[in-house]
Amino acid sequence: MAETENRPTNFVRQIIDKDLQDGTHDHVQTRFPPEPNGYLHIGHAKSICLNFGLAEDYQGACNLRFDDTNPEKEDIDYVNSIKEDVNWLGFTWHEDVRYSSNYFPKLYEFAHELITKGLAYVDFSSQEEMREMRGTLTQPGKNSPYRDTTPEENTTLFEKMKAGEFKEGECCLRAKIDMSSSFMCMRDPVIYRIKFAHHHQTGDEWCIYPMYDFTHCISDAIEGITHSLCTLEFQDNRRLYDWVIENISAPAVPRQYEFSRLNLAYTVLSKRKLIQLVEENYVAGWDDPRMPTVAGLRRRGYTPASIREFCQRIGVTKMDNVIEVSNLEGCIRDDLNVNANRAMAVLNPIKVIIENYPEGQVEQLSAANHPNDESKGTRNIPFSREVYIEKEDFRVEANKKFKRLVLGKEVRLRNAYVIKAERVDTDEQGEVTTIYCTYDSETLGCDPADGRKVKGVIHWVSAAEGIEAEVRLYDRLFKVENPNGVELSEAINPDSLEVVNAIVEPNLANAEVGVAVQFERTGYFCKDPDSEGDNLVFNRTVGLRDTWANAN
RNA sequence: UGGGGUAUAGCCAAGUGGUAAGGCAGCGGGUUUUGAUCCCGCCAUUCGUUGGUUCGAGUCCAGCUACCCCAGCCA
């Protein structure tokens, strides 16, 4: 019973279960088919987790296939980054990477088959003429004057197209279906166009390239894809998908099923907007930690497991949806809470001088690397007469709800002693510059012997031994929940990046790039690759849940 | 009266004729040398809406409404 509770169920799984049960299929073969014209983002991750996840759960296989039919927009750099991201997410594709371009020769033959059957023709109409003849959503289109060219003539013409005897745009190959169909994609769709473009896989071998609708279904059939999953906007295209498979000598009959794409609040996922963010320098690049790209999330400190968990939690349906950011944040917090070691770092330092602590003395205090996991061991932290604490952890006056350091009151320094604030120095503006304290030497690792209660615990770093680090605090990139219809300049959050100079415990000098660490009471962070030598840079992945701040 | 889709809590999402799972967020309380974690409890008499069928409807039927997608030689 308990085992079935965690297992995800969704309409795709129900279809697969039924297909397996009634013998439609005896195995599951899926595919993830990105076009290599951009970086993968969290929306792609949903598709990746679905396709590869299904293959894993049903002991089937998932292909990685680059849908590379538009050489003008595609680039080998993108295929490399996509492969890297899929692997990083924790998935392994079946056999070798596939490319739609692997099938160009077969696609060309299938196009000839359609021509021979009188189901495709070469059209010399201009693009404007074609648009006019297509009709509108409420009015049927008109047949092209080239629609009744004989199969023999079309065969010759198509061969000439391939031979480069026509100019780009001069003609194209169209499927002959139905100019009055209520599905616009069935009004004699273009299936081949001329492009004298260099292709990253096939070089200059071809000057004609097949269109998506013709390519995708045939590629699926060739690869023996059983369940071809794509997003909702392809629902109409399914009619064309099925038409092509029915009208060629397809080696298999794959079926397409559509699910809703991911939308994230305060985030854009459209390729166009993402490119704009990079090109207009709203962010530092595709892997800027504020970007919803897989590369950005990785640099931000998100783990593959947390992204997989997120995709699990949001489910798979056909409903339009906008996922709240808290859902993603919850996933990374859950992961890092159990897996990240703890450390202390002071982001906005104010100095504390412990006047009754011996000058020049340095103690090495032991601290647990994880409060709930002894196996993670301990580390030493230097303690001395002068330490830094967070500015916001001190107040001259405060009510009992403020469980931190107050003038005249006590607080515990995490992993160290109880101290009491005795007096302060202030500057001309009245701002506190230094806090003078005394400490209770009998409170290391235990409560005060006289039974007095010390409620608060704050973190600290020894002034002399602490090291400086640049800390990048990220906030949402957009200030509006749905930035999609809005000008970027209007929607962008001007405070999405705050850089502070922090003092961190010396152990952090040995932090590894990308490995998460919790700065206690503050959040989860990881060392950024911008770090060089002694110049430490940390990214805040996500803050700790903060009910106190929420309540105030 | 173009077609294709979708409506269950603030956000996701189970539910497949037998009396509304779960997660996120939120709200109480307990533990705590992280205002974290953890633990307990609360959070839809009602499923877009109006009718109908039925002993019984979120599930079946009919009408209505709202929202999304489609008129690239993009995918």
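To be clear, the structure that these remarks concern was listed above.
Residues numbered from 1 in each chain as written. Chains lettered and ligands numbered in written order. Predicted model: local features only at pLDDT ≥ 70, side-chain atom pairs only at ≥ 80, totals over all residues. Heavy atoms only, no water.

## Digging into helix α9 (residues 237-247)
Next, step 1: Within the span of α9, buried status applies to N237, L240, Y241, W243, V244, I245 and N247.
Next, step 2: Next to the buried residues of α9 lie α5 (104-116), β5 (172-175), α8 (212-223), β8 (227-231) and β9 (255-259). (Buried < 20%, exposed > 50% of the residue type's maximum accessible area, 1.4 Å probe, protein only. Helix = DSSP H or I, 4+ residues; strand = E, 2+ residues; numbered from the N terminus. Contact = heavy atoms within 4.5 Å.)

## Quick notes on the sheet that holds strand β25 (residues 516-519)
Next, step 1: The 7 strands lie next to each other as β10-β25-β26-β27-β23-β24-β11, forming an open sheet whose pairing is mixed. Every interior strand has two partners, whereas the edge strands, β10 (341-343) and β11 (345-346), have only one.
Next, step 2: Across 8 bridges, strand β23 (residues 467-474) lies against strand β24 (residues 497-504) in antiparallel orientation. Along β24, the bridge assignment pairs L473 with E498.
Next, step 3: Here helix α13 (residues 325-339) sits on the sheet and contacts β10, β25, β26 (523-527) and β27 (537-543); the angle it forms with β27, its principal contact strand, is near 115°. (Pairing = 2+ DSSP bridges. Axes fitted to C-alpha atoms, helices over the stretch in contact; angles between N-to-C directions.)

## Some remarks on the packing of α5 against helix α7 (residues 151-162)
In a pair of packed helices, the angle between the axes and the distance between the axes together describe the arrangement.
Next, step 1: Running from N to C, α5 and α7 cross one another at 155°; their axes reach a closest spacing of 9 Å. Looking at the two axes, α5 sits roughly antiparallel to α7. As α5 packs across α7, the resulting crossing turns out to be right-handed. Packed against α5, whose contacting residues are Y108, A111, H112, I115 and T116, the element α7 presents P151, N154, T155, F158, E159 and K162 at the interface. (Parallel < 35°, antiparallel > 145°, perpendicular 65-115°, else oblique. Left-handed = near helix turned anticlockwise from the far one by under 90°.)

## A word on the protein's contact with RNA strand B
Next, step 1: Not every one of the 71 residues close to RNA strand B is listed here, only the nearest: Q14, T69, R342, R414 and Q518.
Next, step 2: Sugar plus phosphate, as a fraction of atoms of RNA strand B within 4 Å of the protein: 68%.
Next, step 3: Residue D67 places a side-chain N or O atom 3.3 Å away from a sugar or linking oxygen belonging to RNA strand B.
Next, step 4: Note that a sugar or linking oxygen of RNA strand B is positioned 2.5 Å from one of the side-chain N or O atoms of R414.
Next, step 5: Of the residues assigned to the surface near RNA strand B, the class counts are 22 nonpolar, 24 polar and 25 charged. (Near = heavy atom within 4 Å. Polar contact = N/O pair within 3.5 Å; in protein donor to acceptor, adjacent residues only side chain to side chain. Nonpolar A, V, L, I, M, F, W, Y, C, P; charged D, E, K, R; others polar.)

Coordinates in, geometry out; function isn't part of it.
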